[in-house]
Amino acid sequence: MKFLLKDSQHAAREYAEALVRANSNLKALEGGAVIVRNDVKTHEINGNVALISGGGSGHEPAHAGYVGSGGLTAAVLGEVFTSPPTDNVLCAIRYCVNCLGASGVLLIVKNYTGLSSPFAFSCARPSIVVKKYSIPPLLIRLF
């Protein structure tokens, strides 16, 4: 059987690298584990709420494929069928608030305990996330 992957251990990173190379409106952070919009200026999102989602890779374009105008502000990728680490979720939140000027963050997560935990832990630590937060991130689970 043939695959289009160089290394299955780094499938998420390879996907993120290819996606960013193919779309100049996207940028990768944390070694490709976080995909963010690169086509917005701070004043365009300033005062608006950022939309962040994510999850394990293997269902592309399930997360990063929706980052862009009219969609997500950022997506957090885990390795294949693995939830993303909390630190990467925090990285996405920090970027959206500190770099893009979002006034709040809405985390959109599918209803799977293993996936919602890293996002829930990120919501529990708003003081660590950003300095200027007045409202903690809001977590929405999709059923």
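Residues numbered from 1 in each chain as written. Predicted model: local features only at pLDDT ≥ 70, side-chain atom pairs only at ≥ 80, totals over all residues. Heavy atoms only, no water.

## Looking at the overall build of the chain
The helix and strand tally for the chain stands at five helices and six strands. Listed N to C, the secondary structure of the chain is α-β-β-α-β-β-α-β-α-α-β in terms of helices and strands. Here the chain holds 143 residues, and the buried ones make up 43% of them. Carbon and sulfur atoms form 56% of the exposed surface of the chain, whose accessible area is close to 7,800 Å². (Helix = DSSP H or I, 4+ residues; strand = E, 2+ residues; numbered from the N terminus. Buried < 20%, exposed > 50% of the residue type's maximum accessible area, 1.4 Å probe, protein only. Areas by Shrake-Rupley, 256 points an atom, 1.4 Å probe, with all protein chains shown as cover.)

## Brief notes about the confidence of the model for the chain
Here the chain averages 78 in pLDDT, and 73% of its residues register 70 or above. Taken element by element, the predicted model of the chain shows its lowest mean pLDDT in helix H5 (residues 126-129) (51) and its highest in strand E2 (residues 34-37) (93). (pLDDT = per-residue confidence, 0-100.)

## Some points on the environment of glutamate 14
Relative to the assigned elements, glutamate 14 resides in helix H1 (residues 11-22). Judged by its relative accessible area of 14%, glutamate 14 is buried. Along the sequence, glutamate 14 and glycine 32 sit 18 residues apart, while their C-alpha atoms lie 8.0 Å from each other.

## Details of the nonpolar core
In terms of nonpolar packing, the biggest core is built from 23 residues, with Val34, Ile52, Val76, Ile93, Val105 and Leu107 touching the most fellow members. Mapped onto this core, the elements with two or more residues apiece are E2, strand E3 (49-57), strand E4 (74-80), helix H3 (86-99), strand E5 (104-110) and helix H4 (113-123). (Core = buried A, V, L, I, M, F, W, Y, C linked by side-chain atoms within 4.5 Å.)

## Remarks on H3
Spanning 14 residues, H3 covers 19 Å between terminal C-alpha atoms, matching the ideal 20 Å at 1.5 Å per step. In terms of burial, H3 is largely enclosed, as 10 of its 14 residues are buried. Buried within H3 we find Thr86, Asn88, Val89, Leu90, Cys91, Ala92, Ile93, Tyr95, Cys96 and Val97. (Expected span 1.5 Å × (residues − 1).)

## Side note on the environment of glycine 55
Along the polypeptide, glycine 55 turns up in strand E3. Glycine 55 sits in the buried class, given a relative accessible area of 0%. With 26 residues separating them along the chain, glycine 55 and phenylalanine 81 place their C-alpha atoms 7.9 Å apart.

## Brief notes about the pattern of salt bridges
Under the counting rule described, the total for this entry stands at two salt bridges. The partner of glutamate 17 in a salt bridge is arginine 13, and the shortest N-O contact between them spans 3.5 Å. Of this pair, glutamate 17 and arginine 13 both sit in helix H1, four residues apart, which is roughly one turn of that helix. A relative accessible area of 34% means that glutamate 17 is categorised as partly exposed. Assessed through its relative accessible area of 34%, arginine 13 is described here as partly exposed. Among the ionic pairs, arginine 37 bridges to aspartate 39, the shortest N-O distance being 2.9 Å. Given a relative accessible area of 25%, aspartate 39 falls into the partly exposed group. (Salt bridge = Lys/Arg side-chain N within 4 Å of Asp/Glu carboxyl O.)

## Comments concerning the side chain of histidine 63
Positionally, histidine 63 belongs in the loop between E3 and E4. Assessed through its relative accessible area of 6%, histidine 63 is described here as buried. Among the polar contacts listed, one links the side chain of histidine 63 to the backbone oxygen of glycine 54, at a separation of 3.5 Å. Not counting chain neighbours up to four residues away, the residues in contact with histidine 63 comprise Ser53, Gly54, Gly55, Gly56, Leu72, Ala75, Leu77 and Lys110. (Polar contact = N/O pair within 3.5 Å; in protein donor to acceptor, adjacent residues only side chain to side chain. Contact = heavy atoms within 4.5 Å.)

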